[in-house]
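# Summary of structural features
Listed below, chain by chain, are the residues.
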Amino acid sequence: MADQLKINTDSGIEIHPVYTTSKINQEFPGKFPFTRGVREDMYRGKLWTMRQYAGFSTAEESNKRYHYLLKQGTMGLSVAFDLPTQIGYDSSHEFAEGEVGKVGVAIDSLKDIETLFDNIKLEDITTSMTINATASTLLSMYIALAKKQNADLKKISGTIQNDILKEYAARGTYIYPPKPSMRLITDIFDFCSKEVPKWNTISISGYHIREAGSTAVQELAFTLANGKSYVKAAIEKGLDINVFAKRLSFFFNAHNNLFEEVAKFRAARRMWASITKELGATDAQAQMLRFHTQTGGSTLTAQQPENNIIRVTIQAMSAVLGGTQSLHTNGFDEALSLPTESAARTALRTQQIIGYESGITQTVDPLGGSYFIETLTDEIEKAAYQYIEAIDAIGGSVAAIEQGYMQNEIAKSAYIYQKDIESSQKIIVGVNKFVESDLNQKPVFKIDDSIRKIQMDKLSALKNERNNSDVEFNLLQLKNAAVENRNVMPSIIASVESYATLGEIADTFRNVFGEYKG
(Lines give C-alpha, C1' and ligand atoms only; values in the text may rest on other atoms or scores of the structure.)
Protein backbone atom coordinates (compact mmCIF):
# COMPACT_ATOMS: atom_id res chain seq x y z
CA MET A 1 0.00 0.00 0.00
CA ALA A 2 1.38 3.39 -1.00
CA ASP A 3 1.73 5.77 1.89
CA GLN A 4 2.51 9.36 0.96
CA LEU A 5 2.12 10.82 4.44
CA LYS A 6 4.16 10.05 7.53
CA ILE A 7 2.11 10.33 10.72
CA ASN A 8 3.41 10.08 14.27
CA THR A 9 1.78 10.06 17.68
CA ASP A 10 2.62 12.97 19.98
CA SER A 11 5.36 10.72 21.41
CA GLY A 12 6.97 10.40 17.98
CA ILE A 13 5.87 6.80 17.33
CA GLU A 14 5.13 6.32 13.64
CA ILE A 15 1.58 5.28 12.77
CA HIS A 16 1.35 3.06 9.70
CA PRO A 17 -1.66 3.22 7.37
CA VAL A 18 -2.71 -0.34 8.17
CA TYR A 19 -1.61 -3.08 10.55
CA THR A 20 -1.86 -6.69 9.43
CA THR A 21 0.47 -8.50 11.80
CA SER A 22 1.21 -8.24 15.47
CA LYS A 23 2.38 -10.34 18.40
CA ILE A 24 -1.18 -10.99 19.51
CA ASN A 25 -1.46 -10.95 23.26
CA GLN A 26 -2.71 -14.30 24.57
CA GLU A 27 -2.59 -13.17 28.21
CA PHE A 28 -5.60 -13.22 30.49
CA PRO A 29 -6.78 -10.31 32.64
CA GLY A 30 -6.09 -10.67 36.33
CA LYS A 31 -2.92 -12.65 35.63
CA PHE A 32 0.74 -11.55 35.52
CA PRO A 33 1.78 -9.25 33.82
CA PHE A 34 -1.75 -7.75 33.89
CA THR A 35 -1.52 -6.10 30.45
CA ARG A 36 -5.23 -6.76 29.94
CA GLY A 37 -6.39 -5.61 33.39
CA VAL A 38 -5.92 -6.25 37.09
CA ARG A 39 -9.19 -8.13 37.58
CA GLU A 40 -10.52 -11.12 35.68
CA ASP A 41 -13.95 -9.58 35.16
CA MET A 42 -12.98 -5.87 35.25
CA TYR A 43 -16.12 -3.71 34.82
CA ARG A 44 -18.48 -6.66 34.40
CA GLY A 45 -18.12 -7.13 38.15
CA LYS A 46 -17.79 -3.50 39.29
CA LEU A 47 -17.43 -0.18 37.52
CA TRP A 48 -14.49 2.09 38.21
CA THR A 49 -14.85 4.59 41.08
CA MET A 50 -16.36 7.77 39.67
CA ARG A 51 -14.67 10.68 41.43
CA GLN A 52 -15.08 14.41 40.99
CA TYR A 53 -12.17 16.59 42.04
CA ALA A 54 -13.49 19.43 44.16
CA GLY A 55 -12.29 21.88 46.75
CA PHE A 56 -12.46 25.65 46.89
CA SER A 57 -12.89 28.58 49.23
CA THR A 58 -13.59 27.50 52.80
CA ALA A 59 -14.22 24.04 54.23
CA GLU A 60 -17.89 25.03 54.65
CA GLU A 61 -18.32 25.78 50.93
CA SER A 62 -16.46 22.67 49.82
CA ASN A 63 -18.56 20.54 52.15
CA LYS A 64 -21.70 21.77 50.34
CA ARG A 65 -20.21 20.73 46.97
CA TYR A 66 -19.30 17.29 48.35
CA HIS A 67 -22.84 16.68 49.55
CA TYR A 68 -24.13 17.78 46.14
CA LEU A 69 -21.76 15.43 44.29
CA LEU A 70 -22.62 12.49 46.55
CA LYS A 71 -26.32 13.06 45.85
CA GLN A 72 -25.57 13.10 42.10
CA GLY A 73 -23.99 9.64 42.27
CA THR A 74 -20.30 10.32 42.84
CA MET A 75 -18.77 7.19 44.37
CA GLY A 76 -15.72 8.79 45.98
CA LEU A 77 -14.49 12.24 46.92
CA SER A 78 -11.33 13.84 45.57
CA VAL A 79 -10.05 16.86 47.48
CA ALA A 80 -8.24 19.84 45.95
CA PHE A 81 -6.23 21.99 48.39
CA ASP A 82 -5.25 25.61 47.97
CA LEU A 83 -1.64 26.57 47.33
CA PRO A 84 -0.76 27.67 50.90
CA THR A 85 -2.01 24.31 52.21
CA GLN A 86 0.08 22.49 49.60
CA ILE A 87 3.31 24.26 50.57
CA GLY A 88 2.84 24.34 54.32
CA TYR A 89 1.67 27.86 55.14
CA ASP A 90 -1.28 28.84 57.29
CA SER A 91 -3.75 31.25 55.69
CA SER A 92 -2.42 34.01 57.95
CA HIS A 93 1.15 33.74 56.59
CA GLU A 94 2.30 36.63 54.41
CA PHE A 95 3.11 34.20 51.57
CA ALA A 96 -0.55 33.07 51.53
CA GLU A 97 -1.90 36.47 50.52
CA GLY A 98 -3.91 36.30 47.31
CA GLU A 99 -3.95 32.49 47.22
CA VAL A 100 -6.24 31.41 50.06
CA GLY A 101 -9.06 29.18 48.79
CA LYS A 102 -8.23 29.89 45.14
CA VAL A 103 -7.18 26.57 43.55
CA GLY A 104 -8.59 24.39 46.30
CA VAL A 105 -9.91 24.43 49.83
CA ALA A 106 -7.96 26.17 52.60
CA ILE A 107 -7.03 23.79 55.44
CA ASP A 108 -5.26 25.26 58.44
CA SER A 109 -6.08 22.76 61.18
CA LEU A 110 -8.10 19.72 62.18
CA LYS A 111 -11.05 22.11 62.71
CA ASP A 112 -11.18 22.68 58.95
CA ILE A 113 -11.08 18.94 58.21
CA GLU A 114 -13.93 18.42 60.69
CA THR A 115 -15.95 21.00 58.77
CA LEU A 116 -14.91 19.69 55.34
CA PHE A 117 -16.36 16.25 56.10
CA ASP A 118 -19.28 17.37 58.28
CA ASN A 119 -22.08 14.77 58.12
CA ILE A 120 -19.96 12.49 55.91
CA LYS A 121 -18.98 9.15 57.47
CA LEU A 122 -15.44 8.33 56.50
CA GLU A 123 -16.11 4.59 56.73
CA ASP A 124 -18.74 4.94 53.98
CA ILE A 125 -16.63 6.69 51.31
CA THR A 126 -13.19 6.61 49.77
CA THR A 127 -11.31 9.89 49.67
CA SER A 128 -8.46 10.92 47.40
CA MET A 129 -6.37 13.87 48.53
CA THR A 130 -4.14 15.64 46.01
CA ILE A 131 -1.42 16.67 48.42
CA ASN A 132 2.32 16.04 48.43
CA ALA A 133 4.75 18.02 50.59
CA THR A 134 2.23 18.20 53.46
CA ALA A 135 0.66 14.78 52.78
CA SER A 136 1.69 13.38 56.16
CA THR A 137 -0.14 16.22 57.95
CA LEU A 138 -3.33 16.04 55.88
CA LEU A 139 -3.46 12.24 56.27
CA SER A 140 -2.94 12.67 60.03
CA MET A 141 -5.88 15.09 60.15
CA TYR A 142 -8.04 12.59 58.24
CA ILE A 143 -7.04 9.80 60.65
CA ALA A 144 -7.72 12.08 63.63
CA LEU A 145 -11.23 12.79 62.29
CA ALA A 146 -11.85 9.09 61.67
CA LYS A 147 -10.94 8.43 65.30
CA LYS A 148 -13.35 11.16 66.43
CA GLN A 149 -16.06 9.46 64.36
CA ASN A 150 -15.20 6.16 66.09
CA ALA A 151 -14.40 4.69 62.68
CA ASP A 152 -12.42 1.48 62.39
CA LEU A 153 -9.03 2.60 61.04
CA LYS A 154 -8.63 -0.83 59.49
CA LYS A 155 -11.63 -0.02 57.26
CA ILE A 156 -11.11 3.56 56.14
CA SER A 157 -9.79 3.76 52.60
CA GLY A 158 -8.60 6.32 50.15
CA THR A 159 -5.42 7.73 48.67
CA ILE A 160 -2.95 10.51 49.31
CA GLN A 161 -0.93 11.62 46.30
CA ASN A 162 2.26 11.90 48.40
CA ASP A 163 4.43 11.88 45.25
CA ILE A 164 7.16 14.42 45.93
CA LEU A 165 9.55 13.43 43.11
CA LYS A 166 7.24 14.70 40.39
CA GLU A 167 6.99 17.99 42.30
CA TYR A 168 10.70 18.57 41.77
CA ALA A 169 10.42 17.46 38.13
CA ALA A 170 7.24 19.17 36.99
CA ARG A 171 4.95 20.91 39.45
CA GLY A 172 6.91 22.77 42.12
CA THR A 173 4.95 22.41 45.38
CA TYR A 174 7.86 20.94 47.32
CA ILE A 175 9.10 22.20 50.69
CA TYR A 176 12.01 20.07 51.95
CA PRO A 177 15.03 18.61 50.09
CA PRO A 178 14.53 15.27 48.31
CA LYS A 179 16.13 12.97 50.90
CA PRO A 180 14.09 14.06 53.97
CA SER A 181 11.02 14.21 51.74
CA MET A 182 11.59 10.58 50.76
CA ARG A 183 12.02 9.75 54.44
CA LEU A 184 8.57 11.24 55.24
CA ILE A 185 7.05 9.12 52.48
CA THR A 186 8.54 5.87 53.75
CA ASP A 187 7.40 6.77 57.29
CA ILE A 188 3.87 6.92 55.89
CA PHE A 189 4.33 3.55 54.12
CA ASP A 190 5.47 1.97 57.38
CA PHE A 191 2.80 3.51 59.60
CA CYS A 192 -0.14 2.82 57.29
CA SER A 193 0.83 -0.78 56.58
CA LYS A 194 0.25 -1.44 60.29
CA GLU A 195 -2.43 1.05 61.33
CA VAL A 196 -4.44 1.97 58.20
CA PRO A 197 -3.91 -1.06 55.94
CA LYS A 198 -6.56 -0.20 53.31
CA TRP A 199 -5.14 3.26 52.66
CA ASN A 200 -3.24 3.82 49.41
CA THR A 201 -0.13 5.52 50.72
CA ILE A 202 1.03 7.07 47.46
CA SER A 203 -0.41 7.89 44.07
CA ILE A 204 2.65 8.00 41.85
CA SER A 205 1.68 10.70 39.43
CA GLY A 206 2.29 11.07 35.74
CA TYR A 207 -0.59 13.50 35.53
CA HIS A 208 1.40 16.62 36.39
CA ILE A 209 4.36 15.47 34.31
CA ARG A 210 2.00 15.39 31.31
CA GLU A 211 0.44 18.73 32.26
CA ALA A 212 3.95 20.23 32.25
CA GLY A 213 4.31 19.25 28.58
CA SER A 214 5.67 15.72 28.44
CA THR A 215 4.70 13.18 25.81
CA ALA A 216 2.70 10.06 26.70
CA VAL A 217 5.88 7.97 26.62
CA GLN A 218 7.71 10.40 28.93
CA GLU A 219 4.74 10.47 31.30
CA LEU A 220 4.85 6.68 31.53
CA ALA A 221 8.63 6.39 31.79
CA PHE A 222 9.20 9.12 34.37
CA THR A 223 6.27 7.94 36.50
CA LEU A 224 7.48 4.34 36.63
CA ALA A 225 11.06 5.49 37.26
CA ASN A 226 9.80 7.50 40.24
CA GLY A 227 7.86 4.44 41.37
CA LYS A 228 11.07 2.38 41.31
CA SER A 229 12.77 4.99 43.49
CA TYR A 230 9.99 4.87 46.10
CA VAL A 231 10.08 1.08 46.19
CA LYS A 232 13.87 1.01 46.55
CA ALA A 233 13.74 3.61 49.35
CA ALA A 234 11.18 1.54 51.24
CA ILE A 235 13.19 -1.66 50.79
CA GLU A 236 16.32 0.11 52.07
CA LYS A 237 14.30 1.11 55.15
CA GLY A 238 13.60 -2.58 55.76
CA LEU A 239 9.99 -2.65 54.60
CA ASP A 240 8.53 -5.73 52.90
CA ILE A 241 7.73 -5.10 49.24
CA ASN A 242 5.00 -7.74 49.38
CA VAL A 243 3.24 -5.64 52.03
CA PHE A 244 3.76 -1.97 51.16
CA ALA A 245 3.62 -2.37 47.36
CA LYS A 246 0.00 -3.54 47.61
CA ARG A 247 -0.96 -0.01 48.67
CA LEU A 248 0.91 1.83 45.93
CA SER A 249 -1.28 3.36 43.26
CA PHE A 250 -0.67 5.48 40.18
CA PHE A 251 -2.25 8.59 38.70
CA PHE A 252 -2.21 9.10 34.95
CA ASN A 253 -3.39 11.71 32.50
CA ALA A 254 -5.68 10.98 29.56
CA HIS A 255 -5.27 13.07 26.41
CA ASN A 256 -7.03 13.10 23.06
CA ASN A 257 -5.05 10.50 21.07
CA LEU A 258 -7.39 7.67 22.02
CA PHE A 259 -5.32 4.68 20.93
CA GLU A 260 -2.00 6.01 22.21
CA GLU A 261 -3.58 6.54 25.62
CA VAL A 262 -5.13 3.05 25.72
CA ALA A 263 -1.80 1.50 24.75
CA LYS A 264 -0.01 3.61 27.39
CA PHE A 265 -2.25 2.26 30.16
CA ARG A 266 -1.81 -1.34 28.98
CA ALA A 267 1.98 -0.93 28.75
CA ALA A 268 2.08 0.64 32.23
CA ARG A 269 0.59 -2.46 33.86
CA ARG A 270 2.94 -4.83 32.05
CA MET A 271 6.02 -2.75 32.82
CA TRP A 272 5.23 -2.28 36.51
CA ALA A 273 4.60 -6.00 36.97
CA SER A 274 8.07 -6.71 35.58
CA ILE A 275 9.72 -3.91 37.57
CA THR A 276 8.24 -5.04 40.91
CA LYS A 277 9.08 -8.67 40.17
CA GLU A 278 12.70 -7.69 39.52
CA LEU A 279 12.73 -5.79 42.83
CA GLY A 280 11.59 -8.89 44.71
CA ALA A 281 7.79 -8.84 44.72
CA THR A 282 6.32 -12.35 44.64
CA ASP A 283 2.74 -11.56 45.69
CA ALA A 284 0.53 -10.82 42.66
CA GLN A 285 -1.19 -8.00 44.55
CA ALA A 286 2.20 -6.31 45.00
CA GLN A 287 2.92 -6.60 41.27
CA MET A 288 -0.34 -5.00 40.10
CA LEU A 289 -0.44 -1.44 38.82
CA ARG A 290 -3.72 0.12 39.92
CA PHE A 291 -4.39 3.64 38.74
CA HIS A 292 -6.61 6.68 38.85
CA THR A 293 -7.06 8.75 35.70
CA GLN A 294 -7.93 12.39 35.22
CA THR A 295 -8.79 13.86 31.86
CA GLY A 296 -6.25 16.34 30.51
CA GLY A 297 -6.53 19.78 32.03
CA SER A 298 -3.97 21.20 29.62
CA THR A 299 -6.08 20.06 26.64
CA LEU A 300 -9.03 22.24 27.64
CA THR A 301 -9.48 25.43 25.67
CA ALA A 302 -10.94 28.77 26.72
CA GLN A 303 -12.08 29.20 23.12
CA GLN A 304 -15.37 27.42 22.34
CA PRO A 305 -15.39 25.76 25.79
CA GLU A 306 -18.30 23.46 24.88
CA ASN A 307 -15.82 21.58 22.66
CA ASN A 308 -14.17 20.43 25.87
CA ILE A 309 -17.15 18.16 26.59
CA ILE A 310 -16.20 16.10 23.52
CA ARG A 311 -12.50 16.13 24.45
CA VAL A 312 -13.30 14.94 27.97
CA THR A 313 -15.53 12.17 26.60
CA ILE A 314 -12.76 10.83 24.33
CA GLN A 315 -10.24 11.01 27.15
CA ALA A 316 -12.58 9.28 29.62
CA MET A 317 -13.23 6.51 27.09
CA SER A 318 -9.48 5.97 26.68
CA ALA A 319 -9.15 5.53 30.45
CA VAL A 320 -11.99 3.01 30.57
CA LEU A 321 -10.78 1.11 27.49
CA GLY A 322 -7.34 1.12 29.14
CA GLY A 323 -8.65 -0.37 32.41
CA THR A 324 -8.61 2.44 34.98
CA GLN A 325 -9.71 1.79 38.58
CA SER A 326 -10.85 5.36 39.24
CA LEU A 327 -11.66 8.35 37.05
CA HIS A 328 -12.17 12.09 37.32
CA THR A 329 -13.62 14.00 34.38
CA ASN A 330 -12.88 17.71 34.07
CA GLY A 331 -15.57 20.35 33.76
CA PHE A 332 -15.77 21.93 30.30
CA ASP A 333 -15.31 25.42 31.77
CA GLU A 334 -12.08 24.72 33.70
CA ALA A 335 -9.95 26.67 31.22
CA LEU A 336 -11.87 29.72 32.45
CA SER A 337 -12.31 29.12 36.17
CA LEU A 338 -13.02 26.53 38.82
CA PRO A 339 -15.86 24.34 37.48
CA THR A 340 -19.39 25.59 37.98
CA GLU A 341 -21.92 23.20 39.53
CA SER A 342 -23.51 22.64 36.12
CA ALA A 343 -20.17 21.78 34.49
CA ALA A 344 -19.30 19.38 37.33
CA ARG A 345 -22.64 17.62 36.83
CA THR A 346 -22.06 17.27 33.07
CA ALA A 347 -18.58 15.85 33.75
CA LEU A 348 -19.99 13.24 36.12
CA ARG A 349 -22.81 12.36 33.68
CA THR A 350 -20.13 11.75 31.03
CA GLN A 351 -18.70 8.95 33.16
CA GLN A 352 -22.12 7.55 33.96
CA ILE A 353 -23.15 7.44 30.29
CA ILE A 354 -19.91 5.65 29.37
CA GLY A 355 -20.43 3.22 32.25
CA TYR A 356 -24.11 2.45 31.75
CA GLU A 357 -24.90 3.17 28.10
CA SER A 358 -21.84 2.72 25.87
CA GLY A 359 -21.41 -1.07 26.06
CA ILE A 360 -17.62 -0.80 26.31
CA THR A 361 -17.72 -2.14 29.87
CA GLN A 362 -19.34 -5.43 28.85
CA THR A 363 -16.13 -7.28 28.00
CA VAL A 364 -12.61 -7.09 29.39
CA ASP A 365 -9.96 -5.20 27.38
CA PRO A 366 -12.21 -4.81 24.30
CA LEU A 367 -9.35 -3.47 22.15
CA GLY A 368 -7.04 -6.34 23.10
CA GLY A 369 -5.98 -8.35 20.05
CA SER A 370 -6.17 -5.37 17.73
CA TYR A 371 -3.11 -5.42 15.48
CA PHE A 372 -2.75 -1.68 16.03
CA ILE A 373 -3.24 -1.64 19.81
CA GLU A 374 -0.94 -4.59 20.45
CA THR A 375 1.83 -3.10 18.28
CA LEU A 376 1.43 0.34 19.83
CA THR A 377 1.52 -1.14 23.34
CA ASP A 378 4.83 -2.84 22.50
CA GLU A 379 6.32 0.28 20.93
CA ILE A 380 5.33 2.53 23.85
CA GLU A 381 6.82 0.01 26.28
CA LYS A 382 10.08 -0.09 24.30
CA ALA A 383 10.35 3.71 24.12
CA ALA A 384 9.55 4.11 27.83
CA TYR A 385 12.20 1.59 28.83
CA GLN A 386 14.81 3.61 26.92
CA TYR A 387 14.08 6.58 29.20
CA ILE A 388 14.10 4.40 32.33
CA GLU A 389 17.46 2.93 31.36
CA ALA A 390 18.86 6.46 30.91
CA ILE A 391 17.54 7.45 34.37
CA ASP A 392 19.01 4.30 35.94
CA ALA A 393 22.37 5.14 34.34
CA ILE A 394 22.28 8.58 35.99
CA GLY A 395 21.60 6.96 39.37
CA GLY A 396 17.80 6.85 39.62
CA SER A 397 15.05 9.44 39.76
CA VAL A 398 16.43 11.57 42.59
CA ALA A 399 19.77 11.97 40.80
CA ALA A 400 18.03 12.54 37.45
CA ILE A 401 15.90 15.29 38.98
CA GLU A 402 18.84 16.88 40.78
CA GLN A 403 20.71 16.99 37.46
CA GLY A 404 17.69 18.41 35.63
CA TYR A 405 17.35 15.47 33.21
CA MET A 406 13.58 14.99 33.53
CA GLN A 407 12.89 18.72 33.60
CA ASN A 408 14.90 19.29 30.41
CA GLU A 409 13.25 16.43 28.53
CA ILE A 410 9.78 17.68 29.50
CA ALA A 411 10.66 21.26 28.51
CA LYS A 412 11.89 20.13 25.09
CA SER A 413 8.67 18.22 24.44
CA ALA A 414 6.51 21.13 25.58
CA TYR A 415 8.41 23.48 23.25
CA ILE A 416 7.98 21.19 20.24
CA TYR A 417 4.26 20.74 20.99
CA GLN A 418 3.70 24.49 21.23
CA LYS A 419 5.63 25.12 18.02
CA ASP A 420 3.46 22.55 16.22
CA ILE A 421 0.29 24.33 17.38
CA GLU A 422 1.58 27.74 16.34
CA SER A 423 2.54 26.43 12.89
CA SER A 424 -0.76 24.51 12.58
CA GLN A 425 1.15 21.24 12.26
CA LYS A 426 -1.11 20.19 15.13
CA ILE A 427 -4.76 21.18 14.90
CA ILE A 428 -6.65 22.35 17.99
CA VAL A 429 -10.28 22.86 16.99
CA GLY A 430 -11.45 26.35 17.83
CA VAL A 431 -7.89 27.58 18.49
CA ASN A 432 -5.96 27.35 15.21
CA LYS A 433 -8.69 25.93 12.95
CA PHE A 434 -12.48 26.39 12.80
CA VAL A 435 -12.04 29.59 14.79
CA GLU A 436 -15.03 31.78 15.62
CA SER A 437 -14.99 35.44 16.53
CA ASP A 438 -18.14 35.14 18.65
CA LEU A 439 -16.94 35.39 22.25
CA ASN A 440 -20.04 34.46 24.22
CA GLN A 441 -18.82 34.47 27.79
CA LYS A 442 -19.78 31.58 30.01
CA PRO A 443 -20.56 32.25 33.66
CA VAL A 444 -17.42 31.59 35.69
CA PHE A 445 -16.88 30.55 39.28
CA LYS A 446 -14.79 33.08 41.20
CA ILE A 447 -13.35 32.99 44.71
CA ASP A 448 -13.51 36.18 46.75
CA ASP A 449 -10.31 37.44 48.40
CA SER A 450 -12.31 37.86 51.64
CA ILE A 451 -11.80 34.11 52.22
CA ARG A 452 -8.39 34.86 53.73
CA LYS A 453 -9.96 37.09 56.39
CA ILE A 454 -12.43 34.32 57.27
CA GLN A 455 -9.59 31.81 57.66
CA MET A 456 -7.48 34.22 59.68
CA ASP A 457 -10.36 34.84 62.08
CA LYS A 458 -10.82 31.09 62.50
CA LEU A 459 -7.11 30.67 63.20
CA SER A 460 -7.13 33.42 65.81
CA ALA A 461 -10.11 31.85 67.57
CA LEU A 462 -8.49 28.40 67.45
CA LYS A 463 -5.28 29.60 69.07
CA ASN A 464 -7.28 31.24 71.86
CA GLU A 465 -9.36 28.11 72.49
CA ARG A 466 -6.80 25.30 72.30
CA ASN A 467 -4.39 24.20 75.03
CA ASN A 468 -1.20 25.86 73.77
CA SER A 469 0.97 23.99 76.26
CA ASP A 470 -0.20 20.69 74.69
CA VAL A 471 0.56 22.07 71.24
CA GLU A 472 4.09 23.10 72.25
CA PHE A 473 4.76 19.72 73.87
CA ASN A 474 3.54 17.76 70.83
CA LEU A 475 5.50 19.91 68.39
CA LEU A 476 8.65 19.35 70.50
CA GLN A 477 8.00 15.59 70.38
CA LEU A 478 7.60 15.89 66.62
CA LYS A 479 10.91 17.74 66.29
CA ASN A 480 12.66 15.08 68.37
CA ALA A 481 11.20 12.26 66.23
CA ALA A 482 12.42 14.02 63.07
CA VAL A 483 15.91 14.61 64.48
CA GLU A 484 16.23 11.09 65.90
CA ASN A 485 15.02 9.44 62.66
CA ARG A 486 11.99 7.86 64.34
CA ASN A 487 8.71 7.45 62.48
CA VAL A 488 7.07 10.89 62.65
CA MET A 489 3.47 9.83 61.98
CA PRO A 490 2.40 9.22 65.63
CA SER A 491 3.78 12.66 66.61
CA ILE A 492 2.04 14.39 63.70
CA ILE A 493 -1.27 12.77 64.69
CA ALA A 494 -0.80 13.86 68.31
CA SER A 495 0.00 17.39 67.13
CA VAL A 496 -3.07 17.73 64.91
CA GLU A 497 -5.28 16.26 67.65
CA SER A 498 -4.12 19.08 69.93
CA TYR A 499 -5.01 21.48 67.08
CA ALA A 500 -1.51 22.43 66.04
CA THR A 501 -1.84 24.12 62.67
CA LEU A 502 -0.55 22.84 59.35
CA GLY A 503 1.91 25.74 59.21
CA GLU A 504 3.26 25.02 62.70
CA ILE A 505 3.90 21.39 61.77
CA ALA A 506 5.53 22.33 58.45
CA ASP A 507 7.73 24.90 60.23
CA THR A 508 8.85 22.21 62.68
CA PHE A 509 10.08 20.15 59.74
CA ARG A 510 11.59 23.23 58.05
CA ASN A 511 13.69 23.82 61.17
CA VAL A 512 15.00 20.23 61.03
CA PHE A 513 15.22 19.50 57.29
CA GLY A 514 15.63 22.95 55.76
CA GLU A 515 13.98 24.03 52.50
CA TYR A 516 14.78 22.98 48.95
CA LYS A 517 15.63 25.92 46.70
CA GLY A 518 15.55 24.03 43.41
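Residues numbered from 1 in each chain as written. Predicted model: local features only at pLDDT ≥ 70, side-chain atom pairs only at ≥ 80, totals over all residues. Heavy atoms only, no water.

## Structural notes on the overall build of the chain
Check the secondary structure of the chain and you find 20 helices and 11 strands. Relative to a compact globule of 518 residues, whose C-alpha radius of gyration would be 24 Å, the chain shows 23 Å and is just as compact. Dimensions of the chain, computed from the C-alpha atoms along their principal axes, are close to 80 × 60 × 45 Å. Here the chain holds 518 residues, and the buried ones make up 58% of them. Residue pairs in contact within the chain that sit at least 24 positions apart in sequence constitute 78% of those at least 6 positions apart. For the chain, the accessible area works out to roughly 21,200 Å², and carbon and sulfur atoms hold 50% of it. Positive and negative side-chain charges in the chain, numbering 55 and 62 respectively, have mean positions lying 3 Å apart. (Helix = DSSP H or I, 4+ residues; strand = E, 2+ residues; numbered from the N terminus. Rg over C-alpha atoms; globule rule 2.2 N^0.38 Å. Buried < 20%, exposed > 50% of the residue type's maximum accessible area, 1.4 Å probe, protein only. Contact = heavy atoms within 4.5 Å. Areas by Shrake-Rupley, 256 points an atom, 1.4 Å probe, with all protein chains shown as cover. Lys, Arg positive; Asp, Glu negative; His and termini not counted. Charge placed at Lys NZ, Arg CZ, Asp CG, Glu CD.)

## Some points on the side chain of Glu-260
For Glu-260, the position within the fold is in helix α10 (residues 258–278). This buried residue, Glu-260, is left without a salt bridge; Arg-210 holds the nearest opposite charge, at 4.8 Å. In terms of polar contacts, Glu-260 uses its side chain to reach the side chain of Ser-11, at 2.9 Å. Those residues in contact with Glu-260 that lie beyond four places of it in its chain are Thr-9, Asp-10, Ser-11, Ala-216, Leu-376 and Ile-380. (Salt bridge = Lys/Arg side-chain N within 4 Å of Asp/Glu carboxyl O. Polar contact = N/O pair within 3.5 Å; in protein donor to acceptor, adjacent residues only side chain to side chain.)

## With respect to the pairing of strand β5 (residues 126–130)
Taking burial as the measure, the 5 residues of β5 include 4 buried ones, the bulk of the element. Note that strand β4 (residues 76–80) and β5 share 4 bridges and pair parallel. Along β5, the bridge assignment pairs Ser-78 with Ser-128. The pairing of β5 with strand β6 (residues 157–160) spans 4 bridges and is parallel. Looking at the pairing, Thr-126 lines up with Ser-157 of β6. Once you follow β5 into helix α4 (residues 135–148) and on to β6, the crossover reads as right-handed. (Pairing = 2+ DSSP bridges. Right-handed = clockwise from strand over helix to strand, strands pointing away.)

## A short note on the packing of helix α6 (residues 178–195) against helix α19 (residues 489–497)
Orientation of α6 relative to α19, taken along the N-to-C sense of each, is 85°, at an axis distance of 9 Å. Judged by the inter-axis angle, α6 sits roughly perpendicular to α19. The residues of α19 that touch α6, namely those facing Asp-187, Ile-188 and Phe-191, are Met-489, Pro-490 and Ile-493. For the contact of α6 with α19, the per-class residue count stands at 5 nonpolar, no polar and 1 charged. (Axes fitted to C-alpha atoms, helices over the stretch in contact; angles between N-to-C directions. Parallel < 35°, antiparallel > 145°, perpendicular 65-115°, else oblique. Nonpolar A, V, L, I, M, F, W, Y, C, P; charged D, E, K, R; others polar.)

## Structural notes on the pattern of salt bridges
For side chains of opposite charge, pairing can occur when their charged atoms come near one another. Considering all chains together, one arrives at 30 salt bridges under this definition. A network of salt bridges, in which partner residues are shared, links Arg-36, Arg-266, Asp-365 and Glu-374.

## Quick notes on the packing of helix α12 (residues 307–321) against helix α13 (residues 341–357)
Packed helices, taken two at a time, are described by the angle between their axes plus the distance between the axes. Look at α12 against α13: their axes get within 10 Å of each other, and the N-to-C directions meet at 45°. By the angle class used here, α12 and α13 are oblique. Relative to α13, the crossing made by α12 is right-handed. Every residue of α13 that contacts α12 at Ile-309, Thr-313, Ala-316, Met-317 and Val-320 is listed here: Thr-346, Thr-350 and Ile-354. Residue classes in the contact of α12 with α13 are distributed as 5 nonpolar, 3 polar and no charged. (Left-handed = near helix turned anticlockwise from the far one by under 90°.)

## Points about the pairing of strand β9 (residues 248–254)
The buried fraction of β9 is high, at 7 of 7 residues. Where strand β8 (residues 202–205) lies against β9, 4 bridges are found, and the strand directions are parallel. Bridge pairing in β9 places Ile-204 opposite Phe-250. For β9 and strand β10 (residues 291–295), the ladder comprises 5 bridges, and the chain directions are parallel. Directly across from Phe-251, in β10, lies its bridge partner His-292.

## As for unusual backbone geometry
Cis geometry is adopted by the peptide bond preceding Pro-33, which originates at Phe-32 and carries an omega value of 5°. Following the sequence through the fold, Pro-33 ends up in the loop between β2 (14–15) and β3 (49–54). A positive phi angle is found at Asn-150, which is not glycine, with a value near 60°. The topology assignment puts Asn-150 in the loop between α4 and β6.

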